[in-house]
Amino acid sequence: MSNNNNDNLIIEKLFKPKSIAVVGASRNLEKIGGVILSNLVKNKFNGKIYAVNPSAKEILGVPSYPSLLDIPDEVEHIVVAIPAEKVPEIIEEAGKKGVKVATIIASGFKEVGRADLEEKVVNIAKKYGIRILGPNVFGVVYTPMNLNATFGAEHIHKGKIAFLTQSGALGIALMHWTSMEKIGLSSIVSMGNMADIDAIDLAKFFEKDENTKVIGLYLEGLGTGKGHEFIEVFSEITKKKPVIALKAGRSERGTRAVASHTGSLAGSDAVYDSALKQAGVLRASDVEQLFNWAKMMAFSESFEINGKGFVIITNGGGMGVMATDASEFNGLPLLEVPEELKKEFRKTMPWFGSPNNPIDLTGQSNVQNYIEAIKVALESELVSGITVMYGEVAFLDPVELANGIAKTLKEYNKSRKPVNVVMLGGEKTKMGTEILEENGVPVYPIPEKAISSMAALYKYSKIIGKANLKI
Ligand code: COA
């Protein structure tokens with residue numbers, strides 16, 4: 001909401017506080033305040049933790065005090081998990097205590113017609129210079145500090161994607177899903193009613209955050225009159241880091257649903273679409289796509305793309321055709337392989353393979369065929385990026401293949417070409433996927449998802465003027 005330096009420093013306290021207090025830390029660990037405290041403790045938050053509960057001396061080994069003012073130490077961030085009506089008095093106390101930022105979990109504000117109560121809270125906070133996240137949020141995660149101040153999933157897979165969401169239930173569900181899928185996150189922030197801190201403030205933090213390589217946004221609305229500021233701020237951010245947005249409320253009925261959800265005006269979809277484009281923000285069409293693209297960006301070492309087109313290396317003709325279609329639909333230029341290069345590829349495959357793009361190593365290929373073909377593609381200046389596809393066959397072990405690909409990329413991808421992999425098959429391909437991703441190679445279960453993600457990377461490279469393709 002505000003953009004002076006002091007405010008930016010305060011927002012840092014949302015993610016990197018020296019100390020955090022949960023107000024309403026219930027003794028019942030199944031209640032929201034109890035879960036938040038438990039998540040902080042079990043994740044071994046890097047700072048001090050305090051509980052505020054009038055009826056407890058200690059919860060989960062954390063010292064508990066009747067009020068914030070009784071805590072004999074500085075408190076930088078509070079998480080407020082008591083009913084809405086009681087929130088103003090807590091913020092008043094927080095002001096006296098010198099708290100910098102408050103995450104307000106409680107629902108029961110603007111989203112249910114209590115704009116007056118929300119305004120009251122914001123005004124008290126302003127009086128003391130406290131920044132507010134929420135109300136109506138599930139909390140905040142920042143994995144570099146082991147901070148999980150949410151009532152969502154306990155375990156979060158660490159990584160470089162920051163995800164900011166205006167929808168609570170979606171965010172909580174995605175905490176579980178990203179954990180199961182081992183999608184690495186630096187942060188998840190629930191933005192709720194955005195009475196104070198909004199997507200713009202948060203993105204400014206992540207722009208500078210060295211632990212974040214890509215920002216994902218689930219948006220329903222920006223808040224009235226925010227369009228120009230959004231474009232201005234995000235145009236700067238996207239020069240440094242990719243931002244991928246999922247903007248809900250596309251349809252007319254969806255727009256009305258947004259109004260009753262967070263109380264924000266969704267506005268016309270065409271206007272948002274144009275604002276996102278102007279700001280250089282990539283727009284994903286669903287949640288899975290957002291994370292597919294984000295994974296590709298998070299694992300990429302460079303966004304500079306050279307050469308004359310992308311290549312697909314496969315052991316299945318059908319998968320190759322699917323990937324070719326997807327390339328055309330997604331605007332990913334495939335390399336017309338010149339005769340010289342075809343000769344090189346031919347050496348890497350059985351005589352009945354195809355050195356045309358897709359490079360078809362055939363179902364009879366082995367790990368060595370893959371390694372050789374990948375090396376040829378990496379070494380050719382014509383190749384802009386590579387999608388390596390594997391459909392599970394009995395005599396080519398996906399684990400061996402994954403190890404082979406990971407090693408080859410480490411040794412030979414000197415020019416840091418974008419590479420992704422498709423592992424299509426059963427249980428063993430999951431093991432292969434894990435090996436590759438542990439080695440920083442993004443893997444997808446089907447060709448379309450890999451190609452769409454490579455195309456998103458190419459699109460971002462064009463946005464920031466780093467695509468030098470000579471097509
Ligand atoms: N200071 C500190 N603690 C206080 C307190 C105060 N002024 N007043 C009450 N408490 C304690 C309570 O005693 C209780 O602890 P206990 O269980 O050990 O007795 C704890 O704080 C919680 O208070 P309680 O009144 O039981 O609230 P609750 O847990 O039923 O509900 C909310 C609180 C905030 C979770 C609930 O009001 C709410 O808004 N839920 C919706 C949250 C939501 O969905 N947010 C959006 C997600 S996207």
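One can find the structure itself at the top, above this paragraph.
Small disclaimer: the values here were computed from a predicted structure and weren't measured.

S.K.: Pulling in residues and values, what's your account of the overall build of the chain?
M.R.: What the chain contains, in helices and strands, is 16 helices and 19 strands. For the chain, the C-alpha radius of gyration of 25 Å lies close to 23 Å, the compact-globule estimate for 471 residues. Classification of the 471 residues of the chain by burial places 59% in the buried group. Nonlocal contacts in the chain, meaning residues at least 24 apart in sequence, comprise 74% of its contacts between residues at least 6 apart. About 19,700 Å² of surface is accessible on the chain, with carbon and sulfur atoms providing 53% of the total. The distance from the centre of the 54 positive side-chain charges to the centre of the 54 negative ones in the chain is 3 Å.

S.K.: How would you summarise the sheet that holds strand β12 (residues 214–219) if you had to cite specific residues and measurements?
M.R.: One open sheet holds the seven strands; their spatial order is β9-β8-β11-β10-β12-β13-β14, and the pairing between them is mixed. Since the sheet does not close on itself, it has two edges, and those belong to β9 (147–150) and β14 (282–283), each with one partner. With four bridges connecting them, strand β8 (residues 139–142) and β9 associate as antiparallel partners. Its bridge partner lying in β9, Val-141 is registered against Asn-148. Sheet strands touched by helix α5 (residues 168–180): β8, β9, β10 (158–165), β11 (185–190) and β12. Its angle to β10, the strand with the most contacts, is close to 165°.

S.K.: Residue-level account of the side chain of Glu-220, with values.
M.R.: With respect to the helices and strands, Glu-220 occurs in the loop between β12 and α7 (227–240). A polar side-chain atom of Glu-220 sits 2.9 Å from a polar atom in the side chain of Tyr-218.

S.K.: So what about the pattern of salt bridges? Which residues, and what values?
M.R.: In this structure the tally under the stated criterion is 26 salt bridges. The shortest N-O distance in the salt bridge between Asp-73 and Lys-48 comes to 3.1 Å. In this pair, Asp-73 is assigned in the loop between β4 (62–65) and β5 (77–80) and Lys-48 in strand β2 (residues 48–52), connecting sequence segments 25 residues apart. With a shortest N-O distance of 2.9 Å, Asp-196 and Arg-131 are connected by a salt bridge.

S.K.: Now, about the pairing of β10: what can you tell me, with residues and values included?
M.R.: It is a general feature of regular strands that their side chains alternate between the two faces of the sheet. The sheet contact formed by β10 and β11 spans six bridges and is parallel. Bridging across to β11, Thr-165 finds its partner in Ser-190. Viewed along the sheet, the connection from β10 through α5 into β11 turns out right-handed. Of the strand pairs in this sheet, β10 and β12 are connected by five bridges, and their pairing is parallel. Residue pairing across strands places Leu-164 opposite Leu-217, the latter belonging to β12.

S.K.: If you had to explain the sheet that holds strand β19 (residues 443–444) to someone new, which residues and values would you point to?
M.R.: Spatially, β16-β15-β17-β18-β19 is the arrangement adopted by the five strands of the open sheet, whose pairing is parallel. Each edge of the open sheet carries a strand with a single partner, namely β16 (359–360) and β19. With four bridges connecting them, strand β15 (residues 309–314) and strand β17 (residues 383–391) associate as parallel partners. Note that in β17 the partner of Gly-309 across the bridge is Val-383.

The rules we used
All residue numbers here refer to positions counted from 1 along the written sequence of the relevant chain. For a predicted model such as this one, the threshold for reporting local features is a pLDDT of at least 70, and the threshold for listing and counting side-chain atom pairs is 80 or more; totals across whole chains, interfaces and linings nevertheless cover every residue. Side-chain metrics in this entry use all non-hydrogen atoms of the structure; hydrogen atoms and water are not considered. A run of DSSP states H or I qualifies as a helix once it reaches four residues; a run of E qualifies as a strand once it reaches two. Both are numbered from the N-terminal end. Throughout, radius of gyration means the C-alpha value; the globule benchmark is 2.2 Å times the number of residues raised to the power 0.38. Think of it in three bands: with a 1.4 Å probe and only protein chains considered, a residue is buried below 20% of the maximum accessible area for its type, exposed above 50%, and partly exposed in between. Residue contacts are defined here by distance: any two heavy atoms, one from each residue, within 4.5 Å place the two residues in contact. Exposure was quantified through the Shrake-Rupley algorithm and a 1.4 Å probe, taking into account, for residues, occlusion by the shown protein chains and nothing else. For the purpose of charge, His is not counted, nor are the chain termini; Lys and Arg are scored as positive and Asp and Glu as negative. Positions of charges follow a simple convention, taking NZ of Lys, CZ of Arg, CG of Asp or CD of Glu. Paired strands, as defined in this entry, are two strands with at least two bridges between them according to DSSP. Here the axes come from fitting lines to C-alpha atoms, over the contacting stretch only for helices, and the angles between their N-to-C directions go from 0 to 180 degrees. Distance and chemistry together define a polar contact, namely a pair of N or O atoms within 3.5 Å, with one atom able to donate a hydrogen and the other to accept it when in protein, and with adjacent residues in sequence counting only for side-chain atoms on both sides. Here, a salt bridge means any side-chain nitrogen of Lys or Arg that lies within 4 Å of a carboxyl oxygen of Asp or Glu. Crossover handedness is defined here as right-handed if the route from the first strand over the helix to the second strand goes clockwise, with the strands pointing away from the viewer.

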